[in-house]
Every structure is written in structure tokens, then in C-alpha cells.
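Next come the chains, spelled out residue by residue.
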Amino acid sequence: MRPVFDFNQLNALLRDFYELTQIRITVFDDGFRELTFVPGTHAPLCALIRAAGGADACHACDREACARASSRSSALIYRCHAGLMEAIMPFYVNNTLAGYLILGQALVYPSREAAWASVGPRCRALGVAPDALRRACDQSPLVSESYFHSATHILHALASYLTLEKMATLKADQIAERLDNYINDHFTEPMTAQTLCDRLQIGKTQLYSLSKQLYGSGVAQRIRTLRIEKARHLLADRPDMSVGDVAEACGFSDYNYFISVFTRMTQESPSRYRRRSASAPPDD
């Protein structure tokens, strides 16, 4: 699955957030790539650092922060390599990581002097003239720690809101869609991981990754689930079919294995399930 964004709605939301906080906000996708940001320019200090050859360090810092935040359900607050405060909030669609919101490029210090005392030494190795660096530091947003934490709380709510309003959705990529269609169309037939790999021209590692994304389990478990679901319908709706016939129709060549799998997944034997279904009152 890959994330798809409604950038018109998303950018409008980011602009509203920036109007309220005056702190830059950026959206990264699940691969740590920068997608959109407001405002369209970097804070003076960040612009100077990037122009002086520090862009690679900035990108590395962003990627590391995204990786650290990817397993969290709350925002990660940290100082970047240049001494600016940032917060990163992962957001999810259907329990799948879709991207990150990053609030940052803000000087969070009690005073300009305190900010310079931290930023100056961190950026000295870039070779930027100290007076230019100091001017950029003085021109960058300075906010209190409590203000930044309040903005971070809003960032947390923003992450939930953008998925609630479907500004971020998940779409199956072409191979994942082909895998899902093939399994749904052929799950009653003999099927192995190698069969699927040959059909889709992919390796077993990619097959497992796609299966985890689509189903949260391996391919074999997905096939068993579909077969048992079909068996439940046949047992309830086709009393003319024997349990053995149901097993065969659902892709189980071994009758005893079918009994074992069905009992394990439904907590009752096929025969008991059929009796209970026959005695249940009809739906209204």
C-alpha cells in the first residue's frame, strides 16, 4: 500500500496551522521524503546553513528523526544538529504508517543570547562568517518552551484530523493489487509461495512484505482464512454437500487437515457448526 494525499486540502490545513503558530510545518511520506511545507521558504538560519553546504546534515537529521518517531504514537521532540527545536508526529491510515508531520526550524530558548550560545558552536564547522550566522540566528523565530509544547499538542491533533478528513489515504500499488486479485480468484486451487512469485515475477521477500501490508499476515494464513470462510458458508447454505465435499470445494485435499484447521479457527468442528447454523433462527 502507498499513501496518496489530497494536497489542496492538506496545504490549506498547513497554512492555517502556520498562521496560528508562525512555526514552519512540513509533511514527509513514509519513505522520509519531503512532500510539502508551509511557508515555502526556510527560516533564515536554516536557509543559511543549507546554502553553506549543510543540507546533507539537515536531511540526515530529518531521516533519523523520522526513523525514531516511526514506532511512536505521540510526538517526538528533539533538537536538530544546528540547535533548533523540532517535533515530529507520525500519522497512520488504517493502522498503517502513511507519513510524518514535522514542526520545526524554531529557536526554543529563554533568550537570543542563550540561543546564540547553543547555535554558534554547533554551526561553527560550516565555515559561515560568524556575523552572518549571528544575524540569521537573530532573524529566526524565537519561542518559549511552553509555546512550542502547546504547538506540538496541536500537531498531534492535526495528525488525527488529516486522516479523519481523508487528506491521506492508502492505495494498493499495482503488484499488491494483482496479488490480492489473484489470491481471491484462486484460493481454492493448489497454491504455494513459489506459485505466486512466478505468477507476479517477484521474490519471496517482496511477496511476504506485500502480504503483511495487505493482510497483516503471511500468504498461507490469508489463503486458509478465505477457505474457512467459504467452508462456513457452504456448511450453512448447502446441506446437500457432505463435509468431505465441502473440504474439497474449498481447496483442502486432506479431509483430516480440513477438520483440524476449521476447528482451530472457529473453535468448533464442521459438523457442529453445521448443526448450530441449521438450528439458528433466520435473519429478519
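Look up a bit, the structure's there.
Residues numbered from 1 in each chain as written. Predicted model: local features only at pLDDT ≥ 70, side-chain atom pairs only at ≥ 80, totals over all residues. Heavy atoms only, no water.

A. View of the overall build of the protein chain. Scanning the protein chain from terminus to terminus reveals twelve helices and eight strands. Computed over its C-alpha atoms, the radius of gyration of the protein chain comes to 27 Å, more than 25% above the 19 Å expected for a compact globule of 284 residues. Overall, the protein chain is about 90 × 45 × 30 Å in size when its C-alpha atoms are taken along their principal axes. When the 284 residues of the protein chain are sorted by exposure, 41% land in the buried category. Of the accessible surface of the protein chain, which amounts to about 15200 Å², a share of 49% is contributed by carbon and sulfur atoms. In the protein chain, 31 side chains carry a positive charge and 30 a negative one; their mean positions are 4 Å apart. (Helix = DSSP H or I, 4+ residues; strand = E, 2+ residues; numbered from the N terminus. Rg over C-alpha atoms; globule rule 2.2 N^0.38 Å. Buried < 20%, exposed > 50% of the residue type's maximum accessible area, 1.4 Å probe, protein only. Areas by Shrake-Rupley, 256 points an atom, 1.4 Å probe, with all protein chains shown as cover. Lys, Arg positive; Asp, Glu negative; His and termini not counted. Charge placed at Lys NZ, Arg CZ, Asp CG, Glu CD.)

B. Representation of empty space enclosed by the protein in the model. All chains considered together, the criterion is met by one cavity of 30 Å³ or more. The computed volume of the largest cavity comes to approximately 180 Å³. As for the largest cavity, its lining consists of 20 residues, and the residues nearest its centre are Cys 46, Arg 50, Asp 62, Glu 86 and Gln 105. Elements with a contribution of two residues or more to the lining of the largest cavity: β2 (24–29), α2 (44–69) and β6 (96–108). The leading source of residues in the lining of the largest cavity is α2, at six residues. Each residue belonging to the lining of the largest cavity can be placed in one class, and the counts come to ten nonpolar, five polar and five charged. (1 Å grid on protein atoms, 1.4 Å probe; cavity = no way out; pocket = protein on both sides within 12 Å on 5 of 7 lines; lining within 4 Å. Points joined across faces, edges and corners; volume = space filled by probe spheres on them. Nonpolar A, V, L, I, M, F, W, Y, C, P; charged D, E, K, R; others polar.)

C. A look at the layout of surface pockets. Approximately 220 Å³ is the volume found for the largest pocket. Along its surface, the largest pocket is lined by 15 residues, and Met 191, Thr 192, Ala 220, Ile 223 and Arg 227 are the ones closest to its centre. Ranked by residues supplied to the lining of the largest pocket, first place goes to helix α9 (residues 219–237) with five residues.

D. The arrangement of the side chain of Thr 266 in detail. Of note, Thr 266 is situated in helix α11 (residues 255–266). At 2.7 Å, the side chain of Thr 266 and the backbone oxygen of Phe 262 are in polar contact. For Thr 266, the side chain forms a polar contact with the main-chain oxygen of Glu 268, separated by 2.9 Å. Apart from the residues within four sequence positions on either side, Thr 266 is in contact with Ile 228 and Arg 232. (Polar contact = N/O pair within 3.5 Å; in protein donor to acceptor, adjacent residues only side chain to side chain. Contact = heavy atoms within 4.5 Å.)

E. Region of interest: the pairing of strand β5 (residues 85–93). Most of β5 sits inside the fold, with eight of its nine residues counted as buried. For strand β4 (residues 76–79) and β5, the ladder comprises four bridges, and the chain directions are antiparallel. Looking at β5, one finds that Tyr 78 is bridged to Glu 86. Note: β5 against β6, eight bridges, orientation antiparallel. What sits directly across from Phe 91, in β6, is Gly 99. In textbook terms, the turn of a hairpin is the stretch between consecutive antiparallel strands, and for β5 and β6 this stretch comprises two residues, one of which, Asn 94, has a positive phi near 55°. (Pairing = 2+ DSSP bridges.)

F. Quick look at the pattern of salt bridges. Counting across every chain of the model gives seven salt bridges. Between Arg 33 and Asp 29 there is a salt bridge, with the nearest N and O atoms lying 2.9 Å from each other. Close ionic contact of Glu 113 with Arg 134 constitutes a salt bridge, the shortest N to O distance being 2.6 Å. On the criterion of sequence distance, the pair formed by Glu 113 in helix α3 (residues 112–123) and Arg 134 in helix α4 (residues 130–139) is long-range, its members being 21 residues apart. By relative accessible area, which is 23% here, Arg 134 ends up partly exposed. In this structure, a network of salt bridges that share partners links the residues Glu 113, Arg 134 and Asp 138. (Salt bridge = Lys/Arg side-chain N within 4 Å of Asp/Glu carboxyl O.)

G. Layout of the packing of aromatic side chains. Counting across every chain of the model gives seven aromatic pairs. Between the aromatic rings of Phe 5 and Phe 7, the centroid separation amounts to 5.8 Å while the plane-to-plane angle is 40°, which identifies the pairing as tilted. Summarising the aromatic geometry, the rings of Phe 252 and Tyr 257 are spaced 6.0 Å apart at their centres and angled 50° between planes, so their arrangement reads as tilted. For Phe 252, a relative accessible area of 5% translates into the label buried. Sitting over the face of the ring of Tyr 109, Arg 79 holds its NZ or CZ atom 4.2 Å from the ring centroid. For the cation-ring pair, Arg 227 lies above Phe 252, with the distance from its terminal atom to the ring centre recorded as 5.6 Å. (Phe/Tyr/Trp six-rings, centres within 6.5 Å; stacked < 30°, edge-to-face > 60°. Lys NZ or Arg CZ within 6 Å of the ring centre and 35° of its normal.)

H. Looking closely at the pairing of β2. When you tally the buried positions in β2, you get six out of six residues, the bulk of the element. Judged by which residues are buried, β2 turns out to be covered on both faces: Arg 24, Thr 26 and Phe 28 on one side and Ile 25, Val 27 and Asp 29 on the other are all buried. Bridge count between β2 and β6: six bridges; the pairing is antiparallel. Across the sheet, the residue bridging to Ile 25 is Leu 103, located in β6. As paired elements, β2 and strand β3 (residues 34–38) share four bridges and run antiparallel to each other. In the strand pairing of β3, Phe 28 is matched with Glu 34.

The values are spatial; any link to function lies outside them.
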